[in-house]
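Fold and geometry: a report
Spelled out from the first residue to the last, the chains are:
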Amino acid sequence: MVSTLPYAAEKQIAIAAVRRACVLTASVFNKLIKQETLTKDDKSPVTVGDFSAQAVVNTILNRTFPDDPIVGEEDAADLRVESGTALRERIIQLASETLTAELVPGEKEEWGLGPKNGRTTEQLLDAIDRGNYQGGKTGRMWTLDPIDGTKGFLRGEQYAVCLALIVDSRVELGVIGCPNLPVSASEPSGPRGCIFVAVRGQGAYQLPLDDPLSSTGTKIAIPTFTPETLNFLESVEKAHAKLSFNDRVGQILGVTRAPTRMDSQAKYCSLARGDGGVYLRMPVGSGYKEKIWDHAPGSVLVEEAGGIITDGRGQPLDFGLGRTLGENYGVVAAGKDVHPKVIAAVQQAKAEEEAQSQL
Ligand SMILES: Nc1ncnc2c1ncn2[C@@H]1O[C@H](COP(=O)(O)O)[C@@H](O)[C@H]1OP(=O)(O)O
Ligand SMILES: [Mg+2]
Ligand SMILES: [Mg+2]
Ligand SMILES: [Mg+2]
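Position labels on residues start from 1 in each chain and follow its written sequence. Lettering of chains starts at A and numbering of ligands starts at 1, both following the order in which they are written. Residues qualify for local features only when their pLDDT is at least 70, as the model is predicted, and side-chain atom pairs are given and counted only at 80 or more; totals for whole chains, interfaces and linings, by contrast, use all residues. The side-chain figures draw on all heavy atoms in the structure; neither hydrogens nor water molecules are used.

An unreviewed UniProt entry lists the chain under the name 3'(2'),5'-bisphosphate nucleotidase, with Lentinus tigrinus ALCF2SS1-6 as the source organism. UniProt positions are given in the numbering used here, feature names are shortened, and annotations may be inferred rather than shown by experiment. Heading Sequence similarities (unreviewed entry) of the UniProt record for the chain holds this comment: "Belongs to the inositol monophosphatase superfamily."

Next comes the structure, spelled out in structure tokens:
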């Protein structure tokens, strides 16, 4: 029977696109980073991975949804100039290989995949540039971070391929591929590779990365926490979030467990399946504006897992302002019972900070 659930087609295509991009990024890591085959003149392997993953995802999206604009992190301007020739060739080869690889169960040739669906260089560069959309309040749009957590990717730790569908400023679908995330946090050395999927109103699920289209996956939900079991999920990178502020918020809440630090939207995935009680990301004060592709997929995942996501003042994140979240003040995501307590603790820590600065 054909599924009539809302966004069923979008979900299938998004999962296929993220899975293919994850195959690509994992191979970039194994071939280029682990074996250190890059010479000094090569551009960063991250750049190779970012561009080619965006080419793959945008190509797949465009085949089925040609009228949908995409807010993607990268653009192909650097690849169209003479100095970008070597990088361009490498990216085109990787993207082509990924798109033309044999179909896996659940994939369809009409999605533009498989050996018969080769693309030209120009088509792939155009696909990358389809991510140039500036976003906005109304209409349908996708948002893509082809590699989120670049620092984690380079360290061989956590990173994620992140895709979301936004309709009239509301995130309706989120798909996050985490090639390095253990399938079960209780088995950190066990099998790795998960895809997290949420459609608004349909719950949050974890699927195996190597077989996501032929599996319905495991439904995930945020459990309840006590101050003894609560822990924070936070960035590894000190430049991305104010970790000292998190410490103070944790003290106010009576948290005793050490924070779990990991890169990328894998933090949202971990929160959604109960491997941490709070994702707290407070600004470091550099004026950096958070990008919609860094939070849209994770936000719907957390909400569908029964959680709440707002900024540090308790205001909803606004995905209708363009490519950024505008003047939002950090991000707080947690279960329904914990979230209001975190917001109160954030306000207290902020007031203390302000009092301190006036001394
Ligand atoms: N100053 C900053 N504050 C917050 N986030 C940042 C900052 N600089 C970069 N980022 C973004 O943080 C995200 C990853 O954060 P984390 O892994 O620590 O959660 C990346 O998308 C990264 O962007 P970029 O992809 O351009 O490097
Ligand atoms: Mg990112
Ligand atoms: Mg990125
Ligand atoms: Mg980047």
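This brings us to the domain arrangement of the chain. For each domain, the first and last residues come from an automatic or database assignment. The domains assigned to the chain are domain 1 (8-220) and domain 2 (232-357). Look at where the C-alpha atoms of domain 1 and domain 2 centre, and you get two points 25 Å apart. Surface buried jointly by domain 1 and domain 2 totals about 2,800 Å² across both partners, of which 62% is contributed by carbon and sulfur atoms. The term buried area means the drop in 1.4 Å probe accessible area that two parts suffer when joined, counted for both and summed. Area buried by domain 1 at its contact with domain 2 is led by V171, I176 and I220, which between them contribute 16% of it. A pairing counts as a salt bridge when a side-chain nitrogen of Lys or Arg comes within 4 Å of a carboxyl oxygen of Asp or Glu. For the interface between domain 1 and domain 2, the tally reads 3 salt bridges. Across the salt bridge formed by D263 and R155, the nearest N and O atoms sit 2.7 Å from each other. Polar contact criterion, stated in full: a pair of N or O atoms within 3.5 Å, where within protein one must be able to donate a hydrogen and the other to accept it, and residues adjacent in sequence count only if both atoms are side-chain atoms. Between domain 1 and domain 2 we count 15 residue pairs in polar contact (both at pLDDT 80 or more) in total. Listing elements by their share of the side of domain 1 that touches domain 2, those giving two or more residues are β1 (70-72), β2 (140-148), α5 (150-155), β3 (160-167), β4 (170-182), β5 (192-199) and β6 (204-208). For the side of domain 1 that touches domain 2, the element with the most residues is β4, which contributes 9 residues. Three residue categories are used. Nonpolar comprises Ala, Val, Leu, Ile, Met, Phe, Trp, Tyr, Cys and Pro, charged comprises Asp, Glu, Lys and Arg, and polar comprises the others, including Gly. Its residues assigned to classes, the side of domain 1 that touches domain 2 shows 25 nonpolar, 17 polar and 9 charged. Secondary structure counts use DSSP, requiring at least four H or I residues in a row for a helix and at least two E residues in a row for a strand, with both numbered from the N terminus.

Once that is clear, we can look at the coordination of the magnesium ion (ligand 3). Around the magnesium ion (ligand 3), the donor atoms from the protein are E73 (OE), D145 (OD) and I147 (O), and they sit 2.1 to 2.2 Å away. With water excluded from the atoms, a metal site may look incomplete; its donors are any N, O or S atoms within 2.8 Å, or within 3.2 Å for Na, K and Ca. The sequence motif formed by the donor residues of the magnesium ion (ligand 3) is E-x71-D-x1-I. Only protein chains enter the accessibility calculation, which uses a 1.4 Å probe; a residue whose area is less than 20% of its type maximum is buried, one above 50% is exposed, and one in between is partly exposed. On the basis of relative accessibility, which here comes to 2%, the residue D145 falls in the buried class.

The next subject is the UniProt feature "binding site: Mg(2+)" (unreviewed entry) in the chain. In the numbering adopted here, UniProt assigns the feature "binding site: Mg(2+)" (unreviewed entry) to E73, D145, I147, D148 and D294. Spanning 222 residues, the named residues nonetheless gather at one spot, since no C-alpha pair among them exceeds 10.0 Å. In this fold, E73 is placed in the loop between β1 and α3 (85-100). Since its relative accessible area comes to 33%, E73 is described here as partly exposed. Setting aside chain neighbours within four positions, we find E73 in contact with Q54, L144, D145, P146, I147, W293 and R323. Looking at the element boundaries, D145 is found in strand β2. Contacts between residues were defined by any pair of non-hydrogen atoms, one from each residue, lying within 4.5 Å.

Note on geometry: axes are lines fitted to C-alpha atoms, helical ones only across the stretch in contact, with angles between N-to-C directions running from 0 to 180 degrees. Across the interface, helix α6 (residues 243-253) lies against helix α9 (residues 339-357) with an axial gap of 9 Å and an inter-helix angle of 120°. Between α6 and α9, the angle falls in the class oblique. Note that α6 runs across α9; the crossing there is right-handed. Taken together, the residues of α9 that come into contact with α6 (itself represented by F245, R248, V249, I252 and L253) are K341, V342, A345, V346, Q348, A349, K350, E352 and E353. For the contact of α6 with α9, the class distribution of residues is 8 nonpolar, 1 polar and 5 charged. An angle below 35 degrees is read as roughly parallel, one above 145 as roughly antiparallel, one from 65 to 115 as roughly perpendicular, and any other as oblique. For a crossing to be left-handed, the near helix must be turned anticlockwise from the far one by less than a right angle; the clockwise case is right-handed.

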